[in-house]
Amino acid sequence: MQKNTLIEAIKNILISEIPTANMAAFSPTARLNQDLYLDSVLVMQLLISLELELSIDVPDEALNAKDFETIDSLSEFVLSRIASNTNPTASSNASDTTDEFEDIKVHCFVSCLSECIKAHPLVDHRPFYFGVWDAEVVVTDNYKIHYHADDLNHDFFCYWFNLLYGIQVKPWYRPQKSKTENISFLLSLIEHKADSQHIMVMLDMFLLPERENKFNQNPFPHYVMLEKSKNPDNLFMWDPDFRWQGEQNKQQVLAAIESDAVAGGYLFDSDEITPTSSKAIYDYFIACFKLNTNPMTNAVRNIINAHIEQRDDLTPAGLNQALTNLPVLAIRKYAYEHGLAFFMLALEMDFDEFESWCDLIEQLVSGYKQIQFRAMKVAANFNEATHSNSDHLVNEITQLLALQDEREFKIKRRLAALFNQWTQQIKLTTDTQDAEVCI
């Protein structure tokens, strides 16, 4: 197959099968994420469509970030797979480098609150991430995983942020008021904002197409912080979770806040920061830590089983949509790095060990991608007429879920051991409770 023919095939799949918001940017040099707004899930969906159309096999261990940078690099990758399938001895060496094709982001609400903590010399933001790795996961009545729900609040994080750092996080958004009234109040807050104040607002990132939306969600509820700009037509936006800050057209921002898909906002003042007590860190860890269960893996297992067993009129064909939000949630596991680093620094340990734990955390995050890739293949191969499944893929998913539990329990056991060591250390200067995490 010639490369130009393959590029045309990719274009046709994007037009007919995969919703993309910016097909006008399609060209051989177009970047899949930044130009065509294809997130990791849509890239996997594109690969599966190419597999079916070209009768090639793309093992997930062959997924390499560099191959999915542009349409041209993707074409080169697919052509190599075609050659590999024709001549197995010419197989790709891509498995040598299995980079994740997502930048690290963790939790937009936590990232906004943590920004002022990171900038303060007397406090450490890392303990605040204890609450992120097992943060609440939403599973809808029809077995879809989601990171956001209308009734999901952040009271837990607000409460502990105050206990850890002395800062009160106050909601300024009033659900009983109209969106127009809330926006008017927001503009008033921004106009009179003190330098030490931080104004958070939830907006729909999908309505800001010039900003990156690597997850390509529609809608995409997301917290950012706003303040005045010297240009009255703009607002200055801080987006710590996406590591971006800059001028943004004011009317576009207000339209993104006006979206029916979003509602919420908070106000806090970094002048209230007080040093964190060891007792507060101890209590927060105990409140967050779930040594004997892995809620996200359990949720994914339950969703996949419900579709495979065809409960409540579900079929495996629905797995594609059911796990769409999984990449947004999987990255929360990077919060384990903050937990391990905090205790190792406090215990003045050698950091050689830390790198090996980071590798395991990376495998944990990537493991969800492998599960999702196979689940999408199960959905694509499901036979509606005979209701038959791809049993080998289902078995592989079961094994991968067990492996995810094994990885995460190993990380948790190490965290528990470090926490217990740290607890013994701080007993010298505090009256911390005697309880310890039992391993």
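Residues numbered from 1 in each chain as written. Predicted model: local features only at pLDDT ≥ 70, side-chain atom pairs only at ≥ 80, totals over all residues. Heavy atoms only, no water.

An unreviewed UniProt entry lists the protein under the name DUF6005 family protein, from Catenovulum adriaticum.

Chemist: Quick one: what's the story with the overall build of the protein, residue by residue and with numbers?
Modeler: A count of helices and strands for the protein gives 14 helices and eight strands. By residue count, 54% of the 439 residues in the protein fall in the buried class. Here the protein displays about 19,800 Å² of accessible surface, and carbon together with sulfur accounts for 48% of that area. (Helix = DSSP H or I, 4+ residues; strand = E, 2+ residues; numbered from the N terminus. Buried < 20%, exposed > 50% of the residue type's maximum accessible area, 1.4 Å probe, protein only. Areas by Shrake-Rupley, 256 points an atom, 1.4 Å probe, with all protein chains shown as cover.)

Chemist: If you had to explain the packing of helix α12 (residues 335–346) against helix α13 (residues 352–381) to someone new, which residues and values would you point to?
Modeler: Axis separation between α12 and α13 bottoms out at 10 Å; the angle between their running directions is 165°. The angle between α12 and α13 places the two elements in the roughly antiparallel class. Like other packed secondary-structure pairs, α12 and α13 cross with a definite hand, here right-handed. Along the contact surface, α12 presents Tyr336, Glu337, Leu340, Ala341 and Met344, while α13 presents Glu353, Phe354, Trp357, Cys358, Ile361 and Leu364. (Axes fitted to C-alpha atoms, helices over the stretch in contact; angles between N-to-C directions. Parallel < 35°, antiparallel > 145°, perpendicular 65-115°, else oblique. Left-handed = near helix turned anticlockwise from the far one by under 90°. Contact = heavy atoms within 4.5 Å.)

Chemist: Any chance you could break down the sheet that holds strand β8 (residues 265–269) for me, citing the residues and the numbers?
Modeler: Pairing is antiparallel in the open sheet, where six strands are placed in the order β3-β8-β4-β5-β6-β7. Looking at the sheet topology across the chains shown, the edges are occupied by β3 (170–171) and β7 (244–249). One ladder, built from six bridges, connects strand β6 (residues 234–239) with β7; its direction is antiparallel. Following the sheet pairing, Asp239 is matched in β7 by Trp244. The sheet contacts of helix α7 (residues 250–258) involve β4 (197–204), β5 (221–228), β6 and β7, and relative to β7 the element is tilted by about 100°. (Pairing = 2+ DSSP bridges.)

Chemist: A description of the packing of helix α9 (residues 295–308) against α13 should follow, citing residues and the corresponding values.
Modeler: Relative to each other, α9 and α13 sit at 10°, their axes nearing to 12 Å. Taken together, α9 and α13 sit at an angle that is classed as roughly parallel. Contacts between α9 and α13 involve Met296, Thr297, Val300, Ile304 and Ile308 from the first element and Tyr368, Ile371 and Val378 from the second. Looking at side-chain class alone, the contact of α9 with α13 contains seven nonpolar, one polar and no charged residues. (Nonpolar A, V, L, I, M, F, W, Y, C, P; charged D, E, K, R; others polar.)

Chemist: Give a detailed account of unusual backbone geometry, specifying residues and quantitative values.
Modeler: Backbone geometry places Tyr143, a non-glycine residue, at a positive phi of 60°. Note on placement: Tyr143 falls in the loop between β1 (138–139) and β2 (145–146). The exposure class assigned to Tyr143 is buried, which follows from its relative accessible area of 17%. Positive phi values are uncommon outside glycine, yet Arg243 reaches one of about 50°. Looking at the element boundaries, Arg243 is found in the loop between β6 and β7. What makes Arg243 exposed here is its relative accessible area of 59%.

Chemist: Give a description of the pairing of β8 that names residues and reports values.
Modeler: The buried fraction of β8 is high, at five of five residues. Of the two faces of β8, the one lined by Gly265, Leu267 and Asp269 and the one lined by Tyr266 and Phe268 are each fully buried. Bridge analysis of β3 against β8 gives two bridges, and the strand direction is antiparallel. What sits directly across from Pro171, in β8, is Tyr266. Both β4 and β8 contribute to a ladder of five bridges, which runs antiparallel. The residue bridging His198 from the neighbouring strand is Phe268, located in β8.

Chemist: Explain the pattern of salt bridges to me, and be specific about the residues and the numbers.
Modeler: Counted under the stated rule, the structure contains 13 salt bridges. Close ionic contact of Lys279 with Asp283 constitutes a salt bridge, the shortest N to O distance being 2.7 Å. Taken together, the positions of Lys279 and Asp283, both in helix α8 (residues 278–288) and four residues apart, correspond to about one turn of that helix. One network of salt bridges, in which partners are shared, links Asp134, Lys333, Glu408 and Lys412. (Salt bridge = Lys/Arg side-chain N within 4 Å of Asp/Glu carboxyl O.)

Chemist: An account of the side chain of Arg414 is needed here, citing residue identities and associated values.
Modeler: Locating Arg414 in the fold gives a position in helix α14 (residues 391–426). Dropping the residues within four chain positions of it, Arg414 is found in contact with Leu340, Met349, Glu353, Trp357 and Gln421.

Chemist: So what's going on with the environment of Leu152? Which residues, and what values?
Modeler: Tracing the sequence through the fold places Leu152 in the loop between β2 and α5 (155–165). Classification of Leu152 by relative accessible area gives buried; the value is 19%. Distance from Leu152 to Val138, taken between C-alpha atoms, is 8.5 Å for residues 14 residues apart in sequence. Setting aside residues no more than four positions away along its own chain, Leu152 makes contact with Glu136, Val138 and Tyr147.

Chemist: Any chance you could break down the packing of aromatic side chains for me, citing the residues and the numbers?
Modeler: According to the stated counting rule, one finds 34 aromatic pairs in the structure shown. Aromatic side chains Phe285 and Phe289 sit 4.6 Å apart centroid to centroid with 25° between the ring planes, which places their arrangement in the stacked category. By relative accessible area, which is 11% here, Phe289 ends up buried. (Phe/Tyr/Trp six-rings, centres within 6.5 Å; stacked < 30°, edge-to-face > 60°.)

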